[in-house]
Structure formats: structure tokens, C-alpha cells
Amino acid sequence: MSLLEKYDGIAARHSRLLEAGRDPFAIRMDRIVSATEAVIDGRDVILAGTNNYLGLTFDPECLTAASDAIAQEGTGTTGSRIANGTYSSHRALEQEIAEFLGRDSALVFPTGYQANLGILAGLAGPDDVILLDADSHASIYDGCRLTGATLIRFRHNSPEDLDRRLRRLKDDPRAKLVVVEGIYSMLGDQAPLDEFADVKRRHNAELMVDEAHSLGVFGENGRGVAEAAGVEADVDYVVGTFSKSLGTVGGFGASSRAGFERLRYTSRPYMFTASSSPASIATARAALGKIRSTPALRQRLWDNARMMHSRLAALGLTICAEVSPIVAVKMPDEEAAVMMWNALLEAGVYVNLALPPGTPDGSCLLRCSVSAAHTEEQIEKVCAVFSSCRQELENRRFVPSAAE
Amino acid sequence: MQWTADTVRTEVIRILQAFNPNSIELTPETSLTGDLGLDSLGAMNLVMELEEQFDVEIPLNLLPDVHTLQDLVETVSARLNED
């Protein structure tokens, strides 16, 4: 058997997807018009699946910051953080993130994925125990693997199950790290952080929260779900990304734990990759400034989220979670999800098609994400297109074709 | 409850039925991926059911060494004895 033959099964599934239309995993944006519009296959499309929560990708201040940084610092650093890749702007961004989150220290990574790898691999080792939520993002699973730690998976969003597992470990002297996310990316469901904080306190474990989808979105100041839940003091490590609400690329880990800075010379994913480009760093700084200076952005995002959620629910569609900027519509099966996704795109609406095993409980989802930059008209159009496509789908599936 | 090798096997087989959509005959040699078609997520979900039933932790790190039903029975038994 050759190396690539092991993918024969998954390739066959991929081929079946293509029979329904275009390849959902190879969408090409021919032209980006704005934070909420693009041209795909020659068609004007409203983007309703980009995680661009605050719509900052075309913000004039962020654009200027990026172009100024390129002019002043060049297009790339051509080096790692531990060699020639730390500029004063990297350190300034780290200080600004730490200040924003009320932490002593922050480390910046080139992507959010690498932030999880770097923080997890830096914190835990073979003699430690990590307890992770079952629905954790792939970057958390991959980071956990790098640690060599004993990995224990607890039921999604279940402080009771975490508590039971920590009780079983009560005589185990090893250090224990609990890993959860603020908001889970597929369904948009929120972790009960106050209860998790209580469990971790009682068992003297350390807690890491990935606020990838909640930074700039939740909390009075946009610091995330931990702020909204009032448990920031119980969160030992915060991880986040710049590629969602901050509209650029990169990630970070932040903490006030003594010794956190040691990760700068022990975390391999931090040390052995080229550092973020000056443009990415400058954009993240400008966008973080916008989050701090313009709470109205968050207000607009939530107004839009409520509108999208209630309009889609009013159509009788099944929405997977309470109101949040992630509005995941549950479809009955893969065939229906793929057909509907194609129909939506043909009618000028892009959402994410999310299929098992990338989704919890085998769900097939049309995952929408709302932006502060969406206009009311755009949200109305997205919901109208959902309505007409669903009608079309029902006709196609349940009305016998002429050939029958 | 006290588990013996036999009761562990019986219980593992009972739990595995939920992961056996084609109702194939389960033997000690049954391959979890080859015969039952379990992917990595399915294997982790199976482990969670076993953990609940046997009230024991089965770390994910042990999964790469578990290929057959017999491996599963031995892994569960070893974990029970450790506790």
C-alpha cells in the first residue's frame, strides 16, 4: 500500500460531495469587495461565514497601520522570535494585550492555531495531566498531543463530568491543566465558565480558556466570556486569536502566573517558527485599539446577531445555540446540508458548510457568523435566501421528478 | 462493583454494540477501525462510554495501542487494576 492510499475512503466521500455541486472545501474568493462582500464564481456574494465579527478587515485605521508598518519595517521579519524576529512592535503588541486582559504577560504567535500549540506545549509535559473538553478545537487536540501529557477528555460543557474525573485523580500528585473554550466555534454554544472555575478551584487545578471566538465579542470591555462570567481571576491562561474579531492573523497566550515568560525559551512552537509580519502586528495593535475605543462595534454586532438569530428561527430552522454571533443552522443530513449550501451560494450567500467529524454529535451544519459590518439589508437578504433555498430544497427532495 | 476478566469482556461487548451499526459478530480479534469502521472521534466517544460504565479514566494516550476488542478489554482491565 502506498502512503496516500490510506485516504481512499475519505477521498470517495469527497467525490460524493462534488457530485452535489462545487467543492465546499476549495471555495475561491475571486475578489474581496468589503468585510461582508466578495465575488465568487463571477457572482456577487454576501459573506455570512467569515468570523469577521467586528468587520475590521477594511477599517481605515487598520489599513493605514498595516501599510505604514510595511513601509517602515518591511514585508517580513525573516526570523524567529528567539533570533532576529522580535521587533519593538511585537513587544508593544504583547504589552498591549497583557494590559487589555489585565495580565502580567502575553506571548504573540503567528496564528491562533500556533498559539494553542505553543501555550499547551509550553505549559504541560509528560509528567502532567490535561483535562480537555470533548468538543475542543483541533488546535487544542494537536497542542495536547505535543505535550506528551496524560490526556483526559471530559463531556462537553459538563462541569459535573470534569469534577468526577478530578475526584478520581485526587491522590495523583501531578499538575493538572483544564482546557476549555469560551465559545465553541461550530455551534456557538458558551462554556459555563463560572461552574468550571468553581470545579478547578476545589481541585486546585489550573485553567486555560481559549477565547478565540469571544474576544472582542463578550464582556463589558470585550475581554471575552471569562469577563462576562466574572471569573477572570480564576482563569490562569487565556489564549486567543487575531484572525476573528481583530481582522488580521496571529494569536496569543496571556497569563499572570509566575514563570509564564519561561515559555519564550521552552515552547517549541513559539521558538521555531518565523515571527508575525510587521503588517499583521500593526493591524492587531490598531484593531485592539478599536475594540477598546469603540464599544459601539460590539453593540452593532450583537444587534445583528439577535436579528439573524430571530429571523432564521422564525423560518422554522433549527438554530443550535442561544443568540451569539455564531448562528449554526442544523440540517437533517449531509445530503440536505450540501444541497442547501450550494443553493445558498448560487443565490449569493456564503456560509460555512460544517460536516462530521468536524462537528459535535454528527451534526450537519450551515454555520453562519454575523459581523458588525453587516447592514440590516444584508441580513434580511441572507434570511430571505435561506427561506427560498429551503423551499427549493423541499421541492427537489419531496416532489417526485418527471422521470419517476 | 468487582470486575473480573469475564465481566469486563461482557460489558465491553455490550457497550460496543452501540458502535456496531452493521451488527457484525464481535470476537476478541474484531478490529475497531477495520471491522467496526471507528474513526478517531468514534474511538474517543467509545472510550468515554467505557470510562463512565467502569468508573475509570482511560487517557487518550493509550488509544494508539488499542486495535482490537481484546486490546480494549485488556486496557480497561489494566486501568481497573491500577485504581
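Located above this text is the structure these notes cover.
Let us look at the structure shown here. (Residues numbered from 1 in each chain as written. Chains lettered and ligands numbered in written order. Predicted model: local features only at pLDDT ≥ 70, side-chain atom pairs only at ≥ 80, totals over all residues.)

### Considering the overall build of chain B
Consideration 1: Assigned secondary structure in chain B consists of three helices and zero strands.
Consideration 2: Its C-alpha atoms give chain B a radius of gyration of 12 Å, within 12% of the compact-globule value 12 Å for 83 residues.
Consideration 3: Overall size of chain B, expressed as C-alpha extent along the three principal axes, is 35 × 25 × 20 Å.
Consideration 4: Going through the 83 residues of chain B one by one, you find that 19% of them count as buried.
Consideration 5: At a minimum sequence separation of 6, the contacts of chain B that also span at least 24 residues come to 55%. (Helix = DSSP H or I, 4+ residues; strand = E, 2+ residues; numbered from the N terminus. Rg over C-alpha atoms; globule rule 2.2 N^0.38 Å. Buried ≥ 20, exposed ≤ 12 C-beta atoms within 10 Å, placed from the backbone. Contact = placed C-beta atoms within 7 Å.)

### Details of the sheet that holds strand β14 (residues 352-354) of chain A
Residues and elements named next belong to chain A.
Consideration 1: Strand order in the open sheet made by the four strands is β11-β12-β15-β14, with antiparallel pairing throughout. The sheet terminates laterally at β11 (318-319) and β14, the two strands that pair on one side only.
Consideration 2: Helix α11 (residues 295-314) contacts β11, β12 (326-331) and β15 (364-369) of the sheet and is inclined by roughly 15 degrees relative to β12.
Consideration 3: In this fold helix α12 (residues 334-346) packs onto β12, β14 and β15, with an angle of close to 35 degrees to the strand it touches most, β15. (Pairing = 2+ DSSP bridges. Axes fitted to C-alpha atoms, helices over the stretch in contact; angles between N-to-C directions.)

### Examining the nonpolar core
Consideration 1: With 122 residues, the main nonpolar core has Ile-130, Val-349 and Leu-366 of chain A as its most contacted residues.
Consideration 2: Looking at this core element by element, the count peaks at eight residues for helix α10 (residues 278-293) of chain A.
Consideration 3: Excluding its chain neighbours within four sequence positions, the residues that come into contact with Leu-366 of chain A are Val-329, Met-331, Ala-337, Met-340, Trp-341, Val-351 and Leu-353 of chain A.
Consideration 4: Leu-50, Phe-54, Ile-58 and Val-76 of chain B belong to the second largest nonpolar core, which has twelve residues in total. (Core = buried A, V, L, I, M, F, W, Y, C linked by C-beta atoms within 7 Å.)

### Thoughts on unusual backbone geometry
Residues and elements named next belong to chain A.
Consideration 1: Of note, the bond from Pro-356 into Pro-357 is cis; its omega dihedral lies within 30 degrees of zero at 5 degrees.
Consideration 2: Mapped onto the elements of the fold, Pro-357 is located in the loop between β14 and β15.
Consideration 3: Its identity as a non-glycine residue notwithstanding, Asn-204 has a phi of 55 degrees, on the positive side.
Consideration 4: Of note, Asn-204 is situated in the loop between α7 (193-202) and β8 (206-210).
Consideration 5: Take Asn-204: there are 10 C-beta atoms within 10 Å of it, and that puts it in the exposed class.
Consideration 6: A positive phi angle, close to 55 degrees, is found at Asp-361, a residue other than glycine.
Consideration 7: Residue position: Asp-361 is located in the loop between β14 and β15.

### Remarks on the sheet that holds strand β9 (residues 237-241) of chain A
Residues and elements named next belong to chain A.
Consideration 1: A sheet is described by the order of its strands in space; here seven strands give the open sequence β4-β10-β9-β8-β7-β5-β6, paired in mixed fashion. In this open sheet, the two strands that pair with only one neighbour each are β4 (105-109) and β6 (150-154). Looking at each pair of strands side by side, their axes are set apart by 20 degrees on average, direction ignored.
Consideration 2: Examined bridge by bridge, β4 and strand β10 (residues 251-255) share five bridges and lie antiparallel to one another. Across the sheet, Phe-109 pairs through a bridge with Gly-251, a residue of β10.
Consideration 3: Across the face of the sheet, α7 comes into contact with β7 (176-181) and β8 while running at roughly 155 degrees to β8.

### Focus: the interface of chain A and chain B
Consideration 1: Between chain A and chain B, the contact holds nine residues from the first and eight residues from the second.
Consideration 2: For the side of chain A that touches chain B, the secondary structure elements donating two or more residues are β6 and α6 (159-168) of chain A.
Consideration 3: Ranked by residues supplied to the side of chain A that touches chain B, first place goes to β6 of chain A with four residues.
Consideration 4: Considered class by class, the residues forming the side of chain A that touches chain B number four nonpolar, one polar and four charged. (Nonpolar A, V, L, I, M, F, W, Y, C, P; charged D, E, K, R; others polar.)

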